[in-house]
Amino acid sequence: MSDQPTPDLAPRVSDTIRKTTCYMCACRCGIDVHLRQGRPVLIEGNRDHPKNRGVLCAKGAAGLKQVTSPARLRAPLRRVGPRGSGQFREISWDEALDTALSWLKPLHDAAPEKLAFFTGRDQSQSLTGWWAEQFGTPNHAAHGGLCSVNMAAAGIYTLGGSFWEFGAPDWDHAKLLLLFGVAEDHDSNPIKMGLARLKARGARIVGVNPIRSGYSAIADAWVAITPGTDGLFILSLVHELLKAGRIDLDFLARFSNAPVLLDSDPASPTRGLFLRDDAGRPQVIDRRTGKLAPWDGQGVQPDLRGRLRRAGVTHVSVMHEMADRYLAPHWAPEAVAGRCGVTPAQIRRIAAELARAAFDDPVILHRPWTDFRGHRHDSMVGRAVAVHAMRGISAHSNGFQTARALHLLQTLLGAVETPGSFRFKPPCPKPADAHPRPHSRTTPGQPLPGPALGYPQGPEDLALRPDGTPARIDKAFSWENPLSVHGLLHMVIPNAAAGDPYRIDTLFLYMANMAWNSSMNTRGTIDMLTAQDGDGYVIPHIIVSDAYSSETVAYADLVLPDTTYLERHDCISLLDRPISEPDRAADAIRWPVVTPDRDVRPFQSVLLDLGARLGLPGMTRNGAPRYRDYADYITTHERRPGIGPLAGWRSGPAGIAHGRGDPNEAQLQSYIANGGVFQAEIPAEAQYFKPWNAAYQDWAVTFGLSDAPQPYLIQLWCEPLRRFQLAAEGHGAIQPPDHLRGRIIATHDPLPGWHAPMSDGFEDPVEYPIHALTQRPMAMYHSWGSQNAWLRQIHGHNPLYLPTLWWDRLTLKEGDWVRVISSRGTLTVPAAHMAALNPHTVWTWNAIGKRKGAWGLDPAAPEATRGFLLNHIISELLPDRGDGRRWANSDPVTGQAAWFDLRVRLEKSAAPTESQPAFAPVSPSPGTGPTATEDAY
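Caption draft 1: Up close: the overall build of the chain. Counting its secondary structure elements, the chain contains 23 helices and 40 strands. Structurally, the chain occupies a C-alpha span of about 85 × 80 × 75 Å along its principal axes. The proportion of buried residues among the 937 residues of the chain is 65%. Of the contacts formed within the chain by residues at least 6 apart in sequence, a portion of 71% connects residues at least 24 apart. Carbon and sulfur atoms form 50% of the exposed surface of the chain, whose accessible area is close to 31,200 Å². Computed over 96 positive and 96 negative side-chain charges, the inter-centroid distance for the chain is 2 Å.

Caption draft 2: Structural context of the sheet that holds strand β21 (residues 385–389). The sheet built from four strands is open, its strands ordered β11-β10-β9-β21 with parallel pairing. Because the sheet does not close on itself, it has two edges, and the strands there are β11 (221–223) and β21. Between one strand axis and the next, the sheet turns by 15° as a mean value, whatever way the strands run. Bridge count between strand β10 (residues 204–208) and β11: three bridges; the pairing is parallel. Of the residues in β11, the one forming a bridge with Val208 is Val223.

Caption draft 3: View of the sheet that holds strand β2 (residues 30–36). Ordered in space as β1-β2-β3, the three strands form an open sheet in which the pairing is antiparallel. Only two strands of the sheet have a single neighbouring strand rather than two, namely β1 (16–21) and β3 (39–45). Taken pair by pair, the neighbouring strands of this sheet meet at an average axis angle of 30°, ignoring direction.

Caption draft 4: Structural context of helix α16 (residues 603–614). Here α16 is twelve residues long and its end C-alpha atoms lie 16 Å apart, about the 16 Å a rise of 1.5 Å per residue gives. When you tally the buried positions in α16, you get ten out of twelve residues, the bulk of the element. Here α16 has its buried residues at Phe603, Gln604, Ser605, Val606, Leu607, Leu608, Leu610, Gly611, Ala612 and Leu614. Phi turns positive one or two residues past the end of α16, at Gly615, with a value near 75°.

Caption draft 5: Structural detail: the packing of helix α2 (residues 93–110) against helix α3 (residues 125–135). Close contact between α2 and α3 brings their axes to 10 Å; oriented N to C, the two are set at 60°. Regarding the angle of α2 to α3, the classification is oblique. In contact with Leu104, Leu107 and His108 of α2, α3 contributes Trp131, Gln134 and Phe135. Partitioned by chemical class, the residues of the contact of α2 with α3 number four nonpolar, two polar and no charged.

Caption draft 6: Quick peek at the pattern of salt bridges. Under the defined criterion, the tally for this structure stands at 56 salt bridges. When the shortest N-O distance is used, the salt bridge between Arg503 and Asp533 registers 3.3 Å. Separated by 30 residues along the polypeptide, Arg503 in the loop between α14 (489–498) and β23 (506–510) and Asp533 in strand β24 (residues 532–533) bring together distant segments of the chain.

Caption draft 7: Quick peek at α3. Within α3, ten of the eleven residues are buried, leaving the element largely enclosed by the surrounding structure. Buried residues along α3 sit in contact with α2, β6 (115–119), β7 (140–141), α16 and α17 (630–636). The positive-phi residue at the C-terminal boundary of α3 is Gly136, with phi of around 105°.

Caption draft 8: Quick peek at the side chain of Thr226. Among the structural elements, Thr226 can be located in the loop between β11 and α7 (230–244). On the accessibility criterion, Thr226 (13% relative accessible area) is buried. Not counting the four nearest positions on each side in its chain, Thr226 is found in contact with Arg339, Cys340, Gly341, His771 and Asn838.

Caption draft 9: Highlighting unusual backbone geometry. Note the cis peptide between Pro426 and Pro427, where omega equals 15°. Tracing the sequence through the fold places Pro427 in the loop between β22 (422–424) and α14. A cis amide bond, omega 5°, links Gln916 with the succeeding residue Pro917. Note that Pro917 resides in the segment after β40 (903–909).

Caption draft 10: Representation of the packing of aromatic side chains. Considering all chains together, one arrives at 34 aromatic pairs under this definition. A centroid spacing of 5.4 Å and a plane angle of 85° characterise the contact between Phe422 and Phe424, whose relative ring orientation is edge-to-face. Of the residues examined, Phe422 reaches a relative accessible area of 0% and is grouped as buried. On the accessibility criterion, Phe424 (0% relative accessible area) is buried. Each member of the aromatic cluster is reached from another via a ring pair, and the members are Phe117, Trp131, Phe135, Phe508, Tyr510 and Phe603. One cation-aromatic arrangement involves Arg809 over Trp806; the distance from NZ or CZ to the ring centre is 4.5 Å. Sitting over the ring of Trp887, Arg881 keeps its end group 3.9 Å from the ring centre.

Caption draft 11: Expanded view of the pairing of strand β16 (residues 313–317). By the criterion of burial, β16 is predominantly enclosed, with four of the five residues buried. Bridge count between strand β12 (residues 261–263) and β16: three bridges; the pairing is antiparallel. Residue pairing for β16: Leu262 is matched across the bridge by Val316. Where strand β15 (residues 307–310) and β16 come together, four bridges link them in antiparallel fashion.

Caption draft 12: A look at the nonpolar core. Within the largest apolar cluster, 126 residues are counted, with the highest numbers of intra-cluster contacts made by Phe233, Met322 and Leu409. With sequence-adjacent residues up to four places away left out, Phe233 is seen in contact with Phe180, Val208, Val223, Ile225, Cys340, Val342, Ile347 and Ile350.

Caption draft 13: Broad picture of the state of the cysteines. For the coordinates displayed, the defined rule picks out zero disulfides. In this structure Cys57 is not part of a disulfide, and its nearest cysteine sulfur, from Cys25, lies 5.7 Å away. For Cys57, a relative accessible area of 11% translates into the label buried. In this model Cys147 remains outside any disulfide bridge; the closest cysteine sulfur is found in Cys25, 12 Å from its own.

Caption draft 14: The arrangement of the environment of Cys57 in detail. Mapped onto the elements of the fold, Cys57 is located in the loop between β3 and α1 (58–62). Taking the C-alpha atoms as reference, Cys57 lies 43 Å from Val538; in sequence the two are 481 residues apart. Apart from residues lying up to four places away in sequence, Cys57 is in contact with Ser188, Asn189 and Lys192.

Caption draft 15: Here's a closer look at the environment of Pro501. Relative to the helices and strands, Pro501 is located in the loop between α14 and β23. With a relative accessible area of 17%, Pro501 lands in the buried category.

Caption draft 16: Seen up close, the environment of Gln687. Within the fold, Gln687 resides in the loop between β34 (677–681) and α19 (694–703). Overall, Gln687 belongs to the buried group, its relative accessible area being 7%. Placed 72 residues apart in sequence, Gln687 and Ser759 show a C-alpha to C-alpha distance of 43 Å. Residues in contact with Gln687, not counting those within four places in the same chain, are Arg367, Glu417, Arg423, Pro582, Asp583, Glu681 and Ile682.

Caption draft 17: A look at the side chain of Ser518. As for its placement among the helices and strands, Ser518 is situated in the loop between β23 and α15 (522–530). What Ser518 contacts, discounting residues up to four positions off in sequence, is Leu146, Ala512 and Asn513.

Caption draft 18: Expanded view of the pairing of β2. In terms of residue burial, β2 counts as a mostly covered element, since six of its seven residues are buried. Bridge count between β1 and β2: six bridges; the pairing is antiparallel. Bridged to Thr20 within β2 is Ile31. Where β2 lies against β3, six bridges are found, and the strand directions are antiparallel. Among the inter-strand pairings, Val33 is bridged to a residue of β3, identified as Ile43. Taking the residues between adjacent antiparallel strands as the criterion, β2 and β3 are bridged by two residues, where Gln37 takes a positive phi near 55°.

Caption draft 19: A look at the packing of α7 against helix α9 (residues 318–326). Packing of α7 against α9 leaves a shortest axis separation of 9 Å and a crossing angle of 110°. In terms of their interaxial angle, α7 and α9 are classed as roughly perpendicular. In this structure, α7 uses Leu235, Val238, His239 and Leu242 to contact α9, whose residues at the interface are Met319, Met322 and Tyr326. The residue inventory of the contact of α7 with α9, partitioned by class, reads six nonpolar, one polar and no charged.

Scoring rules and cut-offs
- Residues numbered from 1 in each chain as written.
- Predicted model: local features only at pLDDT ≥ 70, side-chain atom pairs only at ≥ 80, totals over all residues.
- Heavy atoms only, no water.
- Helix = DSSP H or I, 4+ residues; strand = E, 2+ residues; numbered from the N terminus.
- Buried < 20%, exposed > 50% of the residue type's maximum accessible area, 1.4 Å probe, protein only.
- Contact = heavy atoms within 4.5 Å.
- Areas by Shrake-Rupley, 256 points an atom, 1.4 Å probe, with all protein chains shown as cover.
- Lys, Arg positive; Asp, Glu negative; His and termini not counted.
- Charge placed at Lys NZ, Arg CZ, Asp CG, Glu CD.
- Pairing = 2+ DSSP bridges.
- Axes fitted to C-alpha atoms, helices over the stretch in contact; angles between N-to-C directions.
- Expected span 1.5 Å × (residues − 1).
- Parallel < 35°, antiparallel > 145°, perpendicular 65-115°, else oblique.
- Nonpolar A, V, L, I, M, F, W, Y, C, P; charged D, E, K, R; others polar.
- Salt bridge = Lys/Arg side-chain N within 4 Å of Asp/Glu carboxyl O.
- Phe/Tyr/Trp six-rings, centres within 6.5 Å; stacked < 30°, edge-to-face > 60°.
- Lys NZ or Arg CZ within 6 Å of the ring centre and 35° of its normal.
- Core = buried A, V, L, I, M, F, W, Y, C linked by side-chain atoms within 4.5 Å.
- Disulfide = S-S within 2.5 Å.

Written as structure tokens, this is what we have:
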């Protein structure tokens, strides 16, 4: 044995390791980038990073191939052929910026709303939103309206925070986790780590999802819900819990608006609004005195049974309305189970399991704390039911009320911000009325009066022109979608092409692949981007910034090439979408760990340069650019005194300060020295009951998350929704057009309700009996993930997965193809069998299909021949009603794109040469394509 070689079990693969933040999904894990002679050769997880503790997924490791991709753009481009041809000439940055300025300057000076500036998952929305505000256009938003605004808006309006980025399960104490509509793409490493902790402790997981893949595949129980009926299922659980008396009355009384008094007079013009005192504070009945008291009065003990007759009007508590509503027999399991695709016994069994986990074995932490009314609590008593939900409940036209129903269920169980339940991540909790209102009043040459996006509290906050028509091109914050807090990215191009409500001049897109999988209907969007009238293109100018040669780049008039994420600074900010956890506030940076080898610039720096050239307020000083680049902006910009993009290592009176503090020129270097991340631990006394915990409220003020304590109540009764209903009923000075009154009354219910998806009123379920869904795969998140040389080997193409019922009914076998027919179009695609599916649901991976000529792929690549998109048979508009109006295929409250309302029928098909529809190739952008080298470094 002595002559056997001794292998080196840990060979050095690099001469330098640089720590930064991953960008292969929105999880934003810490990574170690190994360099050899300046070239990246390996990416590993950073074991000291609080987000992932060294865990890294396939996407993160494959980030290496993003910076060597043959799809990378190499210089600014100016279109020389027709839109969509991909014919460009490379130009200098001076020419590119002069061209952009020649289009933007006249708009800024005369009609700023003629610029529509929309972004995808750029993770710098605090900057892009501020830039749009300074330009003066209300036409700005990011991708949220495409993704999960129903979940986000419902969370803010109800709880004061939402799932995922602003909330998480209590992984250490939960005994039951309820998962709704969670695929494998969001928050992948932390949720996998959390699920492992639950499993190790013997906690149970219940997955509610039409598809048993990913996280649902390891659940202890799986509910194969019929798509679009999650809200019906949830409210049946609420019915059962109320009927059995298994609810947390003390939690409801102390921390929700269940005891707040409502005007209950059917003839009153204020029916359904809160009874308030002269200071505007909602009123409750104090159990100690039996008299009226403000909800936040010191020592007040709110009475859930409150009832009062005053000035001839009867006022009752929200709890009365809830009991009347949800104890009605039409919510009983027997009444709803069939529509939901479950049995009454399943609903009763899950309701009983929730009650047992919440009440029979509570979590008790021996941490004294004081609430906002001055009550001292000896311990923290919690309910061990945690809930997590994502796009599966959100991407329906009834998703806002479904998400609110889920928050109602949590609140009835006392399972919000208590040990064992759902917990907020800083900067949340923050109630809707503490957020800005949206602003849309434009003045030539001037900024907007405030941010374009916000949280309306009533009709007076809508973005309307003097004649009552929408002020925004996407119709966000109009009567069609009053609470569209993330905008409607999917409606920008359709409305601009239709000139409804007006025409725009310049469409400015960043990281939004609208000509392919970021639009609801691909062919329709391409037609809109190329539509012409007597004056030329209907949308005269299109500017696109991207790092890669996407399908949408081919339709740009001007291309501003971005860097890849290892080549630039980024700011993962508490002002935007941070990486906090329930026990700590945290933010992070990316920084250029490698140097670009192409004539490309970070988009954020380009945006600041354009702002300075335009003379936008805040971007110039004494006639010169205020910021050298984005790194300088990150360090020196202040949103309000002492508060900037990054919370860590600021300057204070006695040296370094965290949270609040003056700009510090060495701040970025401090982040780099600490692995690219900053975290501030929340004091133990303040880590639970955050909205009502005096210690947390004080800490949040000290740290800079708020300027004053802002305790609030969970809004089970959403008064802003009732204000919109009242307007639709004919009350108030601002009222909706007649054709929308009925819809607003039906869908803007202040208590969580359920209505069938909007498209069900147009599509015959007999003709289209099957629901069709998409999911993003765990190994691919952004659309550019599927051109990655490593990730392509995992997902090179996608089949349509059919349940056993339809596989057998169509007599399919492995290798067969099917025709998928909706009311909007037809696909012909490869089929595959999956038994673990709702029997009337088919699904596929999203964003795998690519167009020939894009993304640097060979024209014969499987992504372009066997890959496909369901987008081809979805529409951003509902079918024509014959009334001459354009009805968006969106949630009527928030404008969320209703991707998952798609209904289809199936036919067996002969195998074509490639998936249908097939699109003609676009010419590769200059310098990209399968012959471009991947060895740039």
